[in-house]
Amino acid sequence: MKSFSASSFASDHAVALELAAEAVKKDPYALFTDFQWFLLEGRDTVFFTAFSKSSFTKESLKGIVEQMVSLAPQLTHGFKGAVPGRPFPEHLLEAITSVEEVDSFDGYPDKFLSHSQDVFDFPELPLFRVMAANRRNGPDEHGRMSIIQVRSAHCLMEGSDAALLTRSQTANHGIQSDKGNKLAWLKRARGAVGGYLMATMSALAAVIVNPPERPLHFKTLALPRQRIRALATKLGVRQRSLYFALTTYALHSDKSTRVNDKVITAAYTMLDTKRTASDDDFFRVRALAAKFLFTPDFAAYAKAVDAAMEENEGKDMSKFQLMILAMMRAMRTMSKYTPFLMTQKFWRLQGKTADLVLTLVPPHRTMGPLTDWMVEPIYCGAFHQSTNIVTFCPGREFMTLNFVVEEHHLPSIDRVEKLIAEMELA
């Protein structure tokens with residue numbers, strides 16, 4: 001099927017809008033890429049939350065949604081009755097916004113966060129929600145009057161979208177692949193074969209193993225960026241490597257918490273400007289797999305993580321990406337012809353492919369009319385069924401670490417700040 005770019009929906013090109021509307025009449029997901037379909041079927045969600053020194057009303061939230069939709073037209077996709085690229089009517093704005101009052105912000109933002117599976121429960125509504133909580137008795141000692149949260153299906157939003165919206169800039173995707181940069185046919189063939197084999201083996205393994213559901217919990221941590229910058233310089237590693245080292249060491253330094261005795265396995269994402277014709281047409285992000293050789297000496301471990309990432313990213317990254325995208329394409333085909341293999345067992349099994357998933361999103365710096373009310377820290381994260389994830393969200397002054405992990409990992413999160421303090425004194 002011909003794919004339509006999100007940029008077409010936001011334009012004044014009436015023909016493109018009509019074609020898009022016609023394409024989704026029978027199937028709301030007809031324009032989704034395989035990557036989008038994969039995240040939709042897995043019921044993956046993302047969240048964005050921040051405090052404000054002003055309060056919100058139902059009408060002001062509706063105004064925020066209208067601005068978001070104009071800057072990110074992909075939010076108009078993926079539900080029954082959708083008219084891609086068009087503003088939402090009043091009844092949809094009413095249904096996807098909510099305001100409540102709370103006595104205090106103790107425990108926030110963590111108690112505000114959830115897996116957001118409700119966004120999939122109403123097929124006639126857009127796949128996102130905007131909610132706010134106002135403090136009942138006025139601002140707290142920090143001057144915070146309210147907190148706002150955007151919850152969305154991951155198939156519509158990624159970290160770079162949130163970063164752009166935070167700057168009040170367009171998050172219009174367009175076509176993300178580079179159609180003029182075609183990979184060799186043999187390379188594409190190998191990726192396709194590997195992806196289809198991976199999909200088939202995963203589906204069969206899910207039936208045989210019957211992996212149990214792993215309930216996940218939310219916890220956030222805000223760290224001053226200057227503090228981490230100074231420590232990274234002291235250890236001689238990149239800041240990104242230090243963040244990855246801190247979290248993987250804190251959560252998986254005990255052998256009982258990792259799959260392999262000698263290494264910590266991780267999957268991580270990054271933005272890459274070297275796009276090819278085989279890349280996904282919607283998502284900017286590229287997925288990579290890594291193995292970090294574990295050593296009890298944290299300074300040595302951080303340097304090993306830095307070296308492993310540099311070596312990993314110096315290789316041909318398109319190879320793994322080809323296989324992953326082919327796997328998603330195969331899963332989409334299997335769901336159509338062998339739906340009995342694509343059960344919840346399959347999606348639960350996906351969460352066991354790595355000890356931890358790591359995502360560093362682009363800097364979130366507030367500016368412009370959409371976010372001029374926001375105060376740091378800014379929190380941004382993702383939920384993938386049965387998958388332990390840490391999302392790193394940099395602002396001007398703070399980096400937030402947004403954990404979505406199994407319960408037994410929660411006490412280990414406190415190790416992050418302890419590790420930082422120990423290394424600062426070393």
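Since the structure is predicted, the reported quantities are computational estimates derived from the model, not experimental observations.

The rules behind the values
The residue count restarts for each chain, going from 1 along the sequence in the order it is written. In keeping with the model being predicted, local features are shown solely for residues with a pLDDT of at least 70 and side-chain atom pairs are shown and tallied solely at 80 or more, while totals for entire chains, interfaces and linings include all residues. Hydrogens and water molecules were not included; the side-chain quantities draw on all heavy atoms of the structure. Every helix listed is a DSSP run of H or I at least four residues long, and every strand listed is a run of E at least two residues long, numbered separately from the N terminus. Relative accessibility decides the category of a residue: with a 1.4 Å probe and only protein chains considered, values under 20% of the type maximum give buried, values over 50% give exposed, and everything between is partly exposed. Nine residue types can take part in a nonpolar core, namely buried Ala, Val, Leu, Ile, Met, Phe, Trp, Tyr and Cys, and a core is a set of them joined through side-chain atoms within 4.5 Å. Here, two residues are considered to be in contact whenever any of their heavy atoms come within 4.5 Å of each other. Geometry of aromatic contacts follows a simple scheme: Phe, Tyr and Trp rings, the Trp one being its six-membered ring, pair when their centres are within 6.5 Å, and the pair is stacked under 30 degrees between planes, edge-to-face over 60, tilted otherwise. Remark: a charge is flagged as sitting over a ring if the NZ atom of Lys or the CZ atom of Arg is within 6 Å of the ring centre and within 35 degrees of the ring normal. Interaxial angle, 0 to 180 degrees, is taken between N-to-C directions of lines fitted to C-alpha atoms, where a helix line uses only the stretch in contact. Relative orientations are named as follows: roughly parallel for angles under 35 degrees, roughly antiparallel for angles over 145 degrees, roughly perpendicular for angles from 65 to 115 degrees, and oblique for any other angle. When residues are grouped by polarity, Ala, Val, Leu, Ile, Met, Phe, Trp, Tyr, Cys and Pro land in nonpolar, Asp, Glu, Lys and Arg in charged, and all others, Gly among them, in polar. Strands were regarded as paired on the criterion that DSSP finds at least two bridges between them. Only residues whose relative accessible area exceeds 30% and that form no salt bridge are eligible for patches; like-charged ones are grouped when within 9 Å, while nonpolar side chains (Val, Leu, Ile, Met, Phe, Trp, Tyr) are grouped when within 5 Å. Each accessible area value is a Shrake-Rupley result obtained with a 1.4 Å probe; residue values ignore everything except the protein chains displayed when judging cover. Salt bridge criterion: a side-chain nitrogen from Lys or Arg within 4 Å of a carboxyl oxygen from Asp or Glu. Polar contacts, as counted here, are pairs of nitrogen or oxygen atoms within 3.5 Å of one another; within protein the pair requires one atom able to donate a hydrogen and one able to accept it, and residues that are adjacent in sequence qualify only if both atoms are side-chain atoms.

Engineer: Please explain unusual backbone geometry as it appears in this structure.
Structural biologist: Backbone geometry follows two general trends: most residues other than glycine have a negative phi, and most peptide bonds adopt the trans configuration. Of note, the bond from Y108 into P109 is cis; its omega dihedral lies within 30 degrees of zero at 5°. Summarising the element assignment, P109 is placed in the loop between β2 (97–102) and β3 (128–135). Backbone geometry at S116 places phi at a positive 60°, although glycine is not the residue there. You can call S116 buried: its relative accessible area is 1%. Positive phi outside glycine occurs at S386, with the angle close to 60°. The topology assignment puts S386 in the loop between β9 (374–383) and β10 (389–394). Looking at S386, the relative accessible area reads 2%, which means it is buried.

Engineer: Is there a simple way to explain the nonpolar core in this structure?
Structural biologist: The nonpolar side chains of a soluble globular protein tend to be buried, and buried together. One finds F88 and F128 to be the most contacted residues of the largest nonpolar core, which totals 66 residues. Ignoring any residue separated from it by four or fewer positions in sequence, one finds F88 in contact with V65, V69, L75, T76, F79, L93, I96, P126 and F128.

Engineer: I keep staring at the packing of aromatic side chains and nothing clicks. Help me out?
Structural biologist: The geometry of an aromatic ring pair is captured by the separation of the ring centres together with the interplanar angle, meaning the angle of the planes. For the structure shown, the criterion picks out 16 aromatic pairs. Taking the centre distance of 5.3 Å and the plane angle of 85° together, the rings of Y249 and F298 count as edge-to-face. Of the two residues, Y249 is situated in helix α9 (residues 239–252) and F298 in helix α10 (residues 298–314); the sequence distance between them amounts to 49 residues. Residues Y249 and F298 agree in their burial class; the two are buried. Clustering of aromatic rings is evident, with ring pairs tying together F51, F105, Y108 and F112. In this structure, R144 packs its charged tip against the face of F51, placed 4.1 Å from the ring centre. Residue placement shows R258 over the ring face of F294; its charged tip is 4.5 Å from the ring centre.

Engineer: Looking at this structure, I do not really get the packing of helix α8 (residues 225–235) against α9. What am I missing?
Structural biologist: The geometry of a pair of packed helices is captured by two quantities: the angle between their axes and the separation between those axes. Contact pair α8 / α9: the axes reach a minimum separation of 9 Å and the direction vectors enclose 100°. Taken together, the axes of α8 and α9 lie roughly perpendicular to each other. Between α8 and α9, the residues in contact are R225, I228, R229, L231, A232 and L235 and Q239, L242, Y243 and L246, respectively. Residue composition of the contact of α8 with α9, by class: seven nonpolar, one polar and two charged.

Engineer: How should the sheet that holds strand β8 (residues 356–360) be read in this particular structure?
Structural biologist: Each strand in a sheet pairs with its neighbour through backbone hydrogen bonds, running either in the same direction (parallel) or in the opposite one (antiparallel). Sheet architecture is open: six strands sit in the order β5-β11-β10-β8-β6-β7, paired in mixed fashion. In this open sheet, the two edge strands, each paired with only one partner strand, are β5 (216–224) and β7 (285–293). Strand-to-strand twist across the sheet, computed as the mean angle between neighbouring axes with direction ignored, equals 20°. In this structure, strand β6 (residues 263–271) lies alongside β8, joined through four bridges in parallel fashion.

Engineer: I'm lost on a nonpolar patch on the surface in this one. Help?
Structural biologist: Taken together, the side chains of V193, L197 and M201 present a nonpolar region at the surface, about 320 Å² in accessible area. One can find M201 in helix α7 (residues 185–209). For M201, a relative accessible area of 58% corresponds to the exposed category.

Engineer: Please clarify how the side chain of D140 should be interpreted in this entry.
Structural biologist: When you line up the elements, D140 lands in the loop between β3 and β4 (146–153). Among the residues examined, D140 registers a relative accessible area of 11% and is labelled buried. At a separation of 2.8 Å, a polar atom in the side chain of D140 contacts the main-chain amide nitrogen of R144. When neighbours within four sequence positions are excluded, D140 is seen to be in contact with F105 and R135.

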